[in-house]
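# Understanding the architecture of this molecule
In case you want the letters, here they are:
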Amino acid sequence: MKLFPTVAIAALAAGAAFAEGQSADDVHWHITMTVNAGQADAVKPLLDRMVAATQANEPGALVYDYMGDGDQVHISERYADNAAAMTHMGNFGANFAEEFMQTFSITSVAVYGPAGDDLKEVLAPFSPIFMPQISGFAR
């Protein structure tokens, strides 16, 4: 029963992304995390560096938002297509993954849109759910 609120929140976050002109190629995700003990002071500086790097170096990153309250942090990201999502994962892995995993524990990952096998493989350690679009529109 605990899974339902997490999936419902992720679905609502995805709905917001659909309304922003999503194309059939967009890949987006919602990740929930907990700040690890003793890492509260590291959160904002790390996220500010990640946001700046993503904005400067990844034109295929369309939405890159972190929201949080206390030790809970949610990520909402949207990419133009699977290739842009993989570019982000490569940059994340090379530049931030180690520090990120020291700072956060990932509790859920929901991926929306046409995620490729390569993206599924990269995200597999986090037991994501994958939800391809079955109907809808964007205005």
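Because the structure is predicted, anything quoted here is derived from the model rather than measured.

## Details of the sheet that holds strand S5 (residues 129-131)
Taken in spatial order, the 5 strands of this open sheet run S2-S3-S1-S4-S5, and their pairing is mixed. Each edge of the open sheet carries a strand with a single partner, namely strand S2 (61-69) and S5. Mean inter-strand twist for the sheet, computed between neighbouring axes without regard to direction, equals 15°. Where S2 and strand S3 (residues 72-79) come together, 8 bridges link them in antiparallel fashion. Along S3, the bridge assignment pairs Val-63 with Arg-78. Lying over the sheet, helix H3 (residues 82-95) contacts strand S1 (27-35), S2 and S3, oriented at roughly 30° with respect to S1.

## Looking at the side chain of Thr-54
Considering the arrangement of structural elements, one finds Thr-54 in helix H2 (residues 40-57). By relative accessible area, Thr-54 is classed as buried at 3%. Excluding anything up to four places from it in sequence, Thr-54 contacts Ala-61, Tyr-64 and His-88.

## Let's talk about the pattern of salt bridges
Under the counting rule described, the total for this entry stands at 3 salt bridges. Across the pair Arg-78 and Asp-26 runs a salt bridge, and its minimum N-O distance is 2.6 Å. Placement of Arg-78 in strand S3 and of Asp-26 in the loop between helix H1 (3-18) and S1 is noted, with a sequence separation of 52 residues between them. For the pair Arg-78 and Asp-26, a shared accessibility class is recorded, and that class is buried. For Glu-99, the salt bridge goes to Arg-49, with nearest N and O atoms at 2.4 Å.

## Overview of the pairing of strand S4 (residues 104-112)
Sheet analysis places S1 next to S4, joined by 8 bridges and oriented antiparallel. Residue Ile-31 lies in a different strand from S4, and its bridge partner there is Val-109. Chirality of the crossover, the property in question, places the unit of S4, helix H5 (residues 117-123) and S5 among those that are right-handed.

## A few points about H3
In this model H3 runs 20 Å from its N-terminal to its C-terminal C-alpha over 14 residues, within 8% of the 20 Å that 1.5 Å per residue would give. For H3, the set of buried residues is Asn-82, Ala-84, Ala-85, His-88, Met-89 and Phe-92. Taken around the axis of H3, the buried residues stretch over an arc of 160°, which confines them to a single face. Those residues of H3 that are exposed and angled more than 90 degrees off the buried face are Ala-83, Ala-94 and Asn-95. Among the structural elements, S1, H2, S2, S3, helix H4 (97-103) and H5 are those in contact with the buried residues of H3. Put simply, Asp-81 is the residue that caps the front of H3, since its side-chain oxygen is 3.2 Å from the backbone nitrogen of Ala-83.

## Points about unusual backbone geometry
Here the phi dihedral of Ser-127 falls at roughly 50°; this positive angle occurs in a residue that is not glycine. When you line up the elements, Ser-127 lands in the loop between H5 and S5.

About the thresholds
- Residues numbered from 1 in each chain as written.
- Predicted model: local features only at pLDDT ≥ 70, side-chain atom pairs only at ≥ 80, totals over all residues.
- Heavy atoms only, no water.
- Pairing = 2+ DSSP bridges.
- Helix = DSSP H or I, 4+ residues; strand = E, 2+ residues; numbered from the N terminus.
- Axes fitted to C-alpha atoms, helices over the stretch in contact; angles between N-to-C directions.
- Contact = heavy atoms within 4.5 Å.
- Buried < 20%, exposed > 50% of the residue type's maximum accessible area, 1.4 Å probe, protein only.
- Salt bridge = Lys/Arg side-chain N within 4 Å of Asp/Glu carboxyl O.
- Right-handed = clockwise from strand over helix to strand, strands pointing away.
- Expected span 1.5 Å × (residues − 1).
- Arc of directions from axis to C-beta.
- Polar contact = N/O pair within 3.5 Å; in protein donor to acceptor, adjacent residues only side chain to side chain.

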